[in-house]
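The residues making up each chain are set out below.
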Amino acid sequence: MARSSKSARPRATRPTQTDAEDAVRTLIRWAGDDPAREGLRETPARVARAYKEFFRGYGVDPVQVLKRTFEETDGYDEMIVLKDMRFESHCEHHMAAIIGRAHIAYLPSKRVVGISKLARLLDVYAKRLQIQEKLTAQIANTLNDVLQPRGVAVVIDASHQCMTTRGVHKPGTSMVTSRMLGAFRTDASTRREFLAFIGMPHGIIGSNT
Ligand SMILES: Nc1nc2c(ncn2[C@@H]2O[C@H](COP(=O)(O)OP(=O)(O)OP(=O)(O)O)[C@@H](O)[C@H]2O)c(=O)[nH]1
Ligand SMILES: [Zn+2]
């Protein structure tokens, strides 16, 4: 698939599968175990496969995901909200899991996009090394640039395993981020309607202006 400026920068030399498996063997030895013992023998290959899955978003162009749009909507111009989408990502500081829910909305101008494409867009960016703020902004900005709607809203509520299972060990905490563009940013009633749809009290997230 063609890469656009929105996709990750291609690396000059991509390590081979063997390089990746050797790196896992090194980590196992560094942790204090023996990668040659029976239970660990297949682990480097399994980890490499898991990483392919965790980071499959690098191989997908998010603009392509939104390419197919529909114009026959009989003039539908109200808010479209896809709420409560569970996602899994990994933080770029510790490569620990970020697990949460994303809510994405837009106000169409002329075109609408297949609803599954919003979920695919979320995954393209989630399946990369991330911080939550960047994930939130990338989804909103791409939707805004490609569809050119009257407004875009993205709210993400996620738990970071680097905070819950290590470091400060604060289980039960979650981080909420939002990005409001167009009418969602300038019009309080539009923002309120969206927050009501996703079940968030409207005092929590105000205008960023
Ligand atoms: N803003 C933001 N911070 C994040 C995100 N994911 C992880 N972090 C934080 O990134 C920070 C990295 O801090 P550092 O001090 O460089 O790393 P550290 O010594 O491992 O920090 P501790 O987690 O406090 O042990 C930590 O405070 C994490 O909680 C995210 O999505 N957004
Ligand atoms: Zn982290």
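- The protein appears in an unreviewed UniProt entry as GTP cyclohydrolase 1 from Dongia sedimenti.
- In its Catalytic activity (unreviewed entry) section, the UniProt record describing the protein reads: "GTP + H2O = 7,8-dihydroneopterin 3'-triphosphate + formate + H(+)".
- Database annotation for the protein, UniProt heading Pathway (unreviewed entry): "Cofactor biosynthesis; 7,8-dihydroneopterin triphosphate biosynthesis; 7,8-dihydroneopterin triphosphate from GTP: step 1/1."

So, the sheet that holds strand 3 (residues 97-107)
Then, in step 1: Here 5 strands make up an open sheet; going across it, the order is 5-2-3-6-7 and the pairing mixed. Two strands close off the open sheet at either side, each with one partner strand: strand 5 (129-130) and strand 7 (175-182).
Then, in step 2: Bridging between strand 6 (residues 151-160) and strand 7 involves 8 bridges; their strand directions are antiparallel. Counted as the bridge partner of G151 is G182 from strand 7.
Then, in step 3: Contacting strand 2 (80-91), strand 3 and strand 5, helix 5 (residues 115-126) crosses the sheet at an angle of about 20 degrees to strand 2.
Then, in step 4: Of the strands in this sheet, strand 2, strand 3, strand 6 and strand 7 touch helix 9 (residues 188-197), which is tilted by about 70 degrees from strand 2.

Remarks on the environment of H90
Then, in step 1: Assignment of secondary structure puts H90 in strand 2.
Then, in step 2: We classify H90 as buried; it has 22 C-beta atoms within 10 Å.
Then, in step 3: With 34 residues separating them in the primary sequence, H90 and V124 have C-alpha atoms 12 Å apart.
Then, in step 4: Look past the residues within four positions of H90 in its chain and what remains in contact with it is F54, M95, A96, A97, I98, L129 and Q130.

With respect to the site of ligand 1
Then, in step 1: Near ligand 1 the following residues occur: C91, H93, I131, Q132, E133, H160, C162, M163, G167 and V168.
Then, in step 2: The set of elements that each furnish at least two residues to the shell around ligand 1 consists of helix 6 (132-147) and helix 7 (161-164).
Then, in step 3: Classifying every residue of the shell around ligand 1 gives 5 nonpolar, 4 polar and 1 charged.

Regarding the packing of helix 1 (residues 17-31) against helix 3 (residues 43-54)
Then, in step 1: Direction vectors running N to C along helix 1 and helix 3 enclose 115 degrees, while the axes themselves pass 8 Å from each other. In terms of crossing hand, the pair formed by helix 1 and helix 3 is right-handed. Across the interface between the two elements, Q17, A20, E21, V24, R25 and I28 of helix 1 pack against T43, P44, A45, V47, A48 and Y51 of helix 3.

Quick look at unusual backbone geometry
The phi angle of most residues is negative, glycine excepted, and most peptide bonds adopt the trans form.
Then, in step 1: Phi is positive for M95, close to 55 degrees, though the residue is something other than glycine.
Then, in step 2: Here M95 shows up in the loop between strand 2 and strand 3.
Then, in step 3: The partly exposed category is assigned to M95, around which 13 C-beta atoms lie within 10 Å.
Then, in step 4: Its identity is not glycine, yet Q148 carries a phi of approximately 45 degrees, on the positive side.
Then, in step 5: Here Q148 shows up in the loop between helix 6 and strand 6.
Then, in step 6: The class for Q148 is partly exposed, based on 14 C-beta atoms found within 10 Å.

What counts and how
Residues numbered from 1 in each chain as written. Chains lettered and ligands numbered in written order. Predicted model: local features only at pLDDT ≥ 70, side-chain atom pairs only at ≥ 80, totals over all residues. UniProt positions renumbered as here; feature names shortened; annotations may be inferred. Pairing = 2+ DSSP bridges. Helix = DSSP H or I, 4+ residues; strand = E, 2+ residues; numbered from the N terminus. Contact = placed C-beta atoms within 7 Å. Axes fitted to C-alpha atoms, helices over the stretch in contact; angles between N-to-C directions. Buried ≥ 20, exposed ≤ 12 C-beta atoms within 10 Å, placed from the backbone. Near = placed C-beta within 6 Å. Nonpolar A, V, L, I, M, F, W, Y, C, P; charged D, E, K, R; others polar. Left-handed = near helix turned anticlockwise from the far one by under 90°.

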